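What follows is each chain in one-letter form.
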Amino acid sequence: MMKKNEVKKNGFIANKYKKNKLIKNGVFTNRHNKLLKLGVILGFSISFLLGGCVNQHPDKEQPSTKETVADKNSSEDGKNTTAKDNSSEDGENTTASDNSSTDGKDITADKNSSADIDINSMLEITDKYERAAVESAKEKVEKLGRNPRIIATSPATADICDKLNIDLAGVCSSTVSTIPSRYKNVKKIGTAMSPDMEIVSSVQPDWILSPSSLKSDLKPKYEAIDTEWAFLNLKSVQGMYRSIQELGIIFDREKEADSLINEFVAFYKKYKSENKTKSHPKVLILMGLPGSYIIATPNSYVGNLVELAGGENVYSDIKQEFLTVNTEDMKKKEPDIILRAAHAMPKQVIKMFNNDFKKNDIWKHFNAVKEGRVYDLSYDKFGMSATFKYKEALAELKQDFERR
C-alpha cells in the first residue's frame, strides 16, 4: 500500500514532497537530506515482444493493469501464486510484491498499435514528466563540477556502466558473474543482494545504481545515507536499453548510449524479420531454486527472452514476474516445450529438476516430456537481470524451438 504522500504513475511510485516537487516515471532515485527528498524515476519499461505473444506485444495495444500485492495474487485454481523471496548472489529476487502497474493510462499504447511500428520511437523520451526527471538528474550531476562518484551494486549494472565508459568508485563482488576488468581495483562493496552499507557510506557515493527488482530491499538502506540512488529496469531487454538511454543523458554519455541503442535496434529489426514466419511454441518456464522451483511469466527477464524468441508463455495472462502453481495446473496448459532455468547454484538445481521429473509421476503425462522437448537453459545467459548476452540467449532459444 502506498503512503499518502506517494502517487502512482505509469507503473512506478514517485514521492510527492514539499514545494510541489514531483518527478515521475522510470528508475527510482532519491536525495536524502533535511530540506528535500527528490524521487527521480527513469528506466521506463516499454515492452515490445515478437509474434505469438499475448502480453505487451509491439503490434498490439498494451493493456493497463492493476497493482499486484504479494499476498493477494492467485492462480486459476485459486491457489496463492506469490513466489517466496528467494535471491541469488547476483542480487535479483523472485518476489512478486514489487510489481506495480499503470493507473489506467498507458501513454505508449496509441503510438505502439501499428504493425509497422518504428522501434526507434519506442525508445524516445516523449513523456514530459519523464523528460523532466532525466533533465533534473542531469543538472544535479553537472552541478557537482566533477565526475560523480558512482557505485554499481550488481554485475548487470556494472556491465552497463562499462559499456557507457563510466568510471566507478565502488562495485559489487560476485563469485558467479564476471565484473568488467576496468573495475578490477575498484572498492568492493559486498554482494548485490546485501551490500555492506558501512563500506558503501565510506566510499561517499554521489549515485548508487541497482536493479529495480531490489528496490524494496535496498531503498530503505539507501535512504539512510546522503546520496542519490537509482534502480534500473532490467526486467527486459527493452527496459535495459531505455535505462541506458537515460543514463547516457544524465552522465553525459549520450554518444556511447546512442551507439548501443542503434546496435540493438538494428539487431531487433533483423531478428524480427528472420523469425516472422517461424512457429510460436507454447512454453512453460520453470525457474529452479535449491530445493524448489517457480514459474517464470513474460514479465520476468527469462520470460521476456522467450517471447522475443517467438515463444508463447502458457502463463502469459499473469501480471507478476513469478508464481507458484501445482503441476496439475501446469498440465492443463499442455506446453509444447518445457524450459528449465536456474536462479542460483545451477548444478544443484539441475540435479533437483532431474530427480523431480523422475520421481513425480505427473511429469510423464506431459506431451513435452513424452516428446523429449525439455531443455535446460544455460545459466550464464539466462539470469534474473537483462544483460548484453541476450543475443546469445535468443540464439539458444531459437535452437531449442526448432529441435524435433
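Everything discussed here concerns the structure shown above.
A quick note: this is a predicted structure, and the numbers were derived from the prediction, not measured. (Residues numbered from 1 in each chain as written. Predicted model: local features only at pLDDT ≥ 70, side-chain atom pairs only at ≥ 80, totals over all residues. Heavy atoms only, no water.)

## As for helix α7 (residues 254-274)
Helical geometry: 3.6 residues make up each α-helical turn, so side chains three or four residues apart lie on a common side. Heads up, the rule is: Working definition: helices are DSSP H or I runs of at least four residues, strands are E runs of at least two. Numbering for both runs from the N terminus. Multiplying 1.5 Å by the helix residue count minus one yields the expected span of that helix. Classification of residues uses two cut-offs on accessible area relative to the type maximum, computed with a 1.4 Å probe and protein chains only: under 20% is buried, over 50% is exposed, and between them is partly exposed. By arc we mean the arc of the directions from the helix axis to the C-beta atoms, nothing more.
With 21 residues, α7 should reach 30 Å at 1.5 Å per residue; the first-to-last C-alpha distance of 30 Å fits that figure. Taken together, the buried positions of α7 are A257, L260, I261, F264, V265, Y268 and Y271. End-on, the buried residues of α7 take up no more than an arc of 140 degrees, which puts them together on one face. α7 presents K255, K270 and S273 as exposed residues on the side facing more than 90 degrees away from its buried surface.

## Details of helix α5 (residues 215-223)
Within α5 the residues assigned to the buried category are K215, L218, K219 and Y222. Looking straight down α5, one finds its buried side chains confined to an arc of 115 degrees; they lie on one side.

## Observations regarding the environment of K331
The condition is simple: We call two residues in contact when some of their heavy atoms are within 4.5 Å.
The residue K331 is located in helix α9 (residues 327-333) in this model. Those residues in contact with K331 that sit more than four places away from it in its chain are I362, H365 and F366.

## Comments concerning the packing of helix α2 (residues 128-144) against helix α6 (residues 237-250)
Threshold: Only the stretch in contact is used when fitting a helix axis, every axis being a line fitted to C-alpha atoms; angles between N-to-C directions are given from 0 to 180 degrees. Should an angle lie under 35 degrees it is considered roughly parallel, over 145 roughly antiparallel, and from 65 to 115 roughly perpendicular; all remaining angles are considered oblique.
Viewed as axis vectors pointing N to C, α2 and α6 meet at an angle of 40 degrees, and their least axial separation amounts to 8 Å. By the angle between their axes, α2 is oblique relative to α6. From α2, E130, R131, V134, E135, A137, K138 and V141 reach across to α6, where they touch R242, E246, I249 and I250.

## Examining the pattern of salt bridges
Defined as follows: Whenever Lys or Arg places a side-chain nitrogen within 4 Å of a carboxyl oxygen from Asp or Glu, that contact is recorded as a salt bridge.
The tally for this structure, following the rule as stated, stands at 16 salt bridges. With its nearest N and O atoms 3.7 Å apart, the salt bridge here joins E246 to R242. Here E246 and its partner R242 are both found in helix α6, four residues apart, which amounts to about one turn of the helix. Neither E246 nor R242 differs from the other in exposure class; each is buried. Residue D400 is joined to R403 by a salt bridge in which the shortest nitrogen-to-oxygen separation is 3.2 Å. For R403, a relative accessible area of 38% translates into the label partly exposed. Residues joined by salt bridges that share partners form a network here, namely D380, K381, K389 and E396.

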